[in-house]
Amino acid sequence: MTARDVLPIVVVVALLALIPPLVSSNTVLNFLVFTLIIALAAQGWNILGGYGGQYSFGHAVFFGTGAYATAVLQVHAGLNAWLTFGLGIAAGALVGFVIGFLSFRSGLRGSYFALVTLAFAEVFRIVANAAGLTGGAAGILIKLDVRPENFQFQSRGAFVWIGLGLVAAVLLATRAIERARFGAYLTAVRENEDAARALGVDPFRVKLAAITLSAAVTAAAGCLYAQYFLFLDANIAYGAWISVEALVAPIIGGIGTVFGPLVGALALQGLGHLTSHVAGEVPGIDLVVFGVLLIVMVAFAPEGIVGLLARLRRLGRRRPAEAT
Amino acid sequence: MFSPEIVITAVLNGLLTGAVYALVALGLTLVYGVLHIINFAHGALLTTAMFGVLVLRLGFGIDPYLAILVLTPAFYLLGYALQRFVIGPASHGSDANILLVTLGLAIVIENALLAVFRSDTRSIDVPYAFESVDIGIALLALPRVIALAVSIAVALAMWAILALTDIGKAIRAVAKEKLGAALVGIDVAHVYAVTFGLGTASLAVAACLLMPTFYVTPRVGNAFVFVAFTIVVLGGMGSIPGALVGGLFIGVVESLSGLYFGESLGQIGIFLIFIAILLFRPTGLFGARA
């Protein structure tokens, strides 16, 4: 990675990091934390779906595993919150590894892979909704004890920074993957699995590594969610909503790009707020807009907002050159 | 455990429920067999049809079984238009895009219904909801028996359309060899849209059969469509006999696992079968194609 790879990431993250000291509005900070959680989940999806071309429709399974591991290990095992945060990520990665191993070994691709991930998320949701350990349908509550060593903070700004730190780490990691051999393998598998194999790439191992990493990142989003809201139930943790957000955000923002998930999450959440502002508190209306946007983007701008901006920039550059 | 009468009744009820499942799966497998796509909007379209039945009943007093005559053509047109003017053009012929567009449609439809009808559980009152038929070994609910009969009729009609009509021949030709069909002058976009329309129309029938004994919420279709996915995968993607047999089988499995493990865990049985088949026998029990 060169300075040119890192600089845009540093600038964007630094600008976002300036918000908490400048803006004290809880609504804005809340919005930002939530958006960063979505962005992180979407970044996870983007590694597997964007770079690897394997569209998961059930990333909730990783989000929920991270979230529940964080909560359950604190509540029932009395472990420290920072420790459970790490364990939650590990648990998500493990689930990703197992699901990836089973699905990719069976050669599931395309719609079949989408279906099987969807089914795994549903199984986890039903089990979490019935099991005693997860609090069943009533949900699980992490005890409120606001101390930094408990990963609980008085100010929402602290959560913004932590969320931003995680998002920044994944931005850098994604850029590094793009530049590394692994990224090239992953893109090769996305573009043509058989051709990639003919060139000596092992698609199974590449996809397995991608889903494990992807799951770890999305699980981190789940851990952060649990720690911020201190409450979970099966429909939050393993609900279809997070699978949808994790998938729609990168597609809107720019699938298979470093900034796509973050841009998409900001755009979606912003739009969601705007819609409920205009239309009033009508349930589901923001998701209607997301769905329409998903179709419109696939139809007219498959490269997403990031791609559109790049296209505009190229146009801007070409014009003066043509004038001379 | 349970007495034989209870188990027999459970099996028979499972078969009756399975008939409606088969109908939902029929549309899904037909679309897959011809367009080679999984229609993720299938469940949302079923929910729409169920709300259609509700509105016709509450607004105009139309009996759900009469509603079949209204909703089936309406949903055929809806399905035709969706494929011809939304899914087809928006996805530029790429499978990954079709996946995303039908998912987008599902999100839009489901949440538009949520915005209009809210998340309340609704049902309709019909005088015959609790009437039953005595077949000697068990008492069966009349609406479920009707559902079985109509489902069989629809399956036969679908077979007749595919086997005996010109458009059926065109559909089979496109399913086998898209390019060849286009070369001999078949309008592939039209055939795709007709197929999608037929799949959606069978959902409308399923909705009319379900509503006398079932409830509707904006998310109710998901429960059915998961079952339908399982059936389609079980029966082999694109196989119509597979969908019918798979539907009846899953109906019985669900009924029995509900009896032995309780309602909420009974559902898991379906998903586990689904995952296991996908992982170990993705061509299904009847399908030949990979």
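Residues numbered from 1 in each chain as written. Chains lettered and ligands numbered in written order. Predicted model: local features only at pLDDT ≥ 70, side-chain atom pairs only at ≥ 80, totals over all residues. Heavy atoms only, no water.

Participant: Help me get a handle on the interface of chain B and chain A, residues and values and all.
Facilitator: On the chain A side, the residues contacting the 36 residues of chain B number 36 residues. A buried area of about 3200 Å², summed over both sides, lies between chain B and chain A, and 84% of it is on carbon and sulfur atoms. Counting across the interface, chain B meets chain A through zero salt bridges. For the pair chain B and chain A, the number of links is two residue pairs in polar contact (both at pLDDT 80 or more). The set of elements that each furnish at least two residues to the side of chain B that touches chain A consists of α3 (64-91), α4 (95-117), α9 (220-235) and α11 (263-280) of chain B. Residue contributions to the side of chain B that touches chain A peak at 14 residues, all from α4(B). (Contact = heavy atoms within 4.5 Å. Buried area = accessible area lost by both parts, 1.4 Å probe. Salt bridge = Lys/Arg side-chain N within 4 Å of Asp/Glu carboxyl O. Polar contact = N/O pair within 3.5 Å; in protein donor to acceptor, adjacent residues only side chain to side chain. Helix = DSSP H or I, 4+ residues; strand = E, 2+ residues; numbered from the N terminus.)

Participant: Can you explain a nonpolar patch on the surface? Please cite residues and give values.
Facilitator: All names here are of chain A. On the surface, Leu7, Val11, Leu15, Leu18 and Leu22 cluster together to form a nonpolar patch covering roughly 530 Å² of accessible area. Element by element, the count of residues in the nonpolar patch is highest for helix α1 (residues 3-17), at three residues. By relative accessible area, Val11 is classed as partly exposed at 43%. (Patch = residues over 30% accessible without salt bridge, like charges linked within 9 Å, V, L, I, M, F, W, Y side chains within 5 Å. Areas by Shrake-Rupley, 256 points an atom, 1.4 Å probe, with all protein chains shown as cover. Buried < 20%, exposed > 50% of the residue type's maximum accessible area, 1.4 Å probe, protein only.)

Participant: Please provide a residue-by-residue account of the packing of aromatic side chains, values included.
Facilitator: All names here are of chain A. Scanning the entire structure with this criterion turns up 28 aromatic pairs over all chains. Geometrically, the ring pair formed by Phe85 and Phe151 is stacked, given 4.9 Å between the ring centres and 15° between the ring planes. Taken together, the residues Phe85 in helix α5 (residues 81-105) and Phe151 in the loop between β1 (140-141) and α7 (156-179) connect sequence positions 66 residues apart. Across this residue pair, the class does not change: Phe85 and Phe151 are buried. On the numbers, 6.3 Å between centres and 25° between planes, the contact of Phe97 with Phe101 is stacked. (Phe/Tyr/Trp six-rings, centres within 6.5 Å; stacked < 30°, edge-to-face > 60°.)

Participant: Can you break down the pattern of salt bridges residue by residue, with the values?
Facilitator: This model, assessed by the stated rule, comprises 13 salt bridges over all chains. Ionic pairing is found between A:Glu193 and A:Arg197, a salt bridge with its closest N-O pair at 3.6 Å. Within this pair, A:Glu193 and its partner A:Arg197 are both found in helix α9 (residues 193-198), separated by four residues, close to a single helical turn. Two residues, B:Glu110 and B:Arg219, come together in a salt bridge whose shortest N-O distance is 2.6 Å. Linking B:Glu110 in helix α4 with B:Arg219 in the loop between α8 (188-210) and α9, this pair joins segments that are 109 residues apart in sequence. Using a relative accessible area of 13% as the deciding quantity, one classes B:Glu110 as buried. Look at B:Arg219 and you get partly exposed, because its relative accessible area is 39%. Linked by salt bridges that have partners in common, A:Arg109, A:Glu193, A:Asp194, A:Arg197 and A:Lys207 make up one network.

Participant: Outline helix α2 (residues 42-60) of chain B, supporting the account with residue identities and numerical values.
Facilitator: Across its 19 residues, α2(B) extends 26 Å between first and last C-alpha, which sits within 8% of the 27 Å expected from 1.5 Å per residue. Positive phi shows up at B:Gly61, right after α2(B), with a value of about 65°. (Expected span 1.5 Å × (residues − 1).)

Participant: If you had to explain the side chain of A:Thr65 to someone new, which residues and values would you point to?
Facilitator: Within the secondary structure, A:Thr65 is located in helix α4 (residues 60-77). What A:Thr65 contacts, discounting residues up to four positions off in sequence, is A:Ala60, A:Ala91, A:Gly92, A:Val95, A:Phe124 and A:Tyr238.

Participant: Could you give an account of unusual backbone geometry, naming the residues involved and the relevant values?
Facilitator: Glycine aside, the phi torsion of most residues is negative, and most peptide linkages are trans. Residues and elements named next belong to chain A. Positive phi, normally seen in glycine, also occurs at Phe151, with a value near 60°. Even without being glycine, Leu230 reaches a positive phi, approximately 60°. Considering the arrangement of structural elements, one finds Leu230 in the loop between α10 (203-229) and β2 (231-232). A residue is classified by how much of its surface remains accessible, and Leu230, at 11% relative accessible area, is buried.

Participant: Describe the nonpolar core, with residues and values.
Facilitator: Membership of the largest hydrophobic core comes to 197 residues, with the highest contact counts inside it found for A:Phe57, A:Tyr68, A:Leu115, A:Leu232, B:Phe40 and B:Phe229. A:Tyr68 has contacts with A:Leu73, A:Ala128, A:Thr134, A:Ile140, A:Leu232, A:Asp233, A:Ala234, A:Ala237 and A:Tyr238, leaving out every residue within four places of it along the chain. (Core = buried A, V, L, I, M, F, W, Y, C linked by side-chain atoms within 4.5 Å.)

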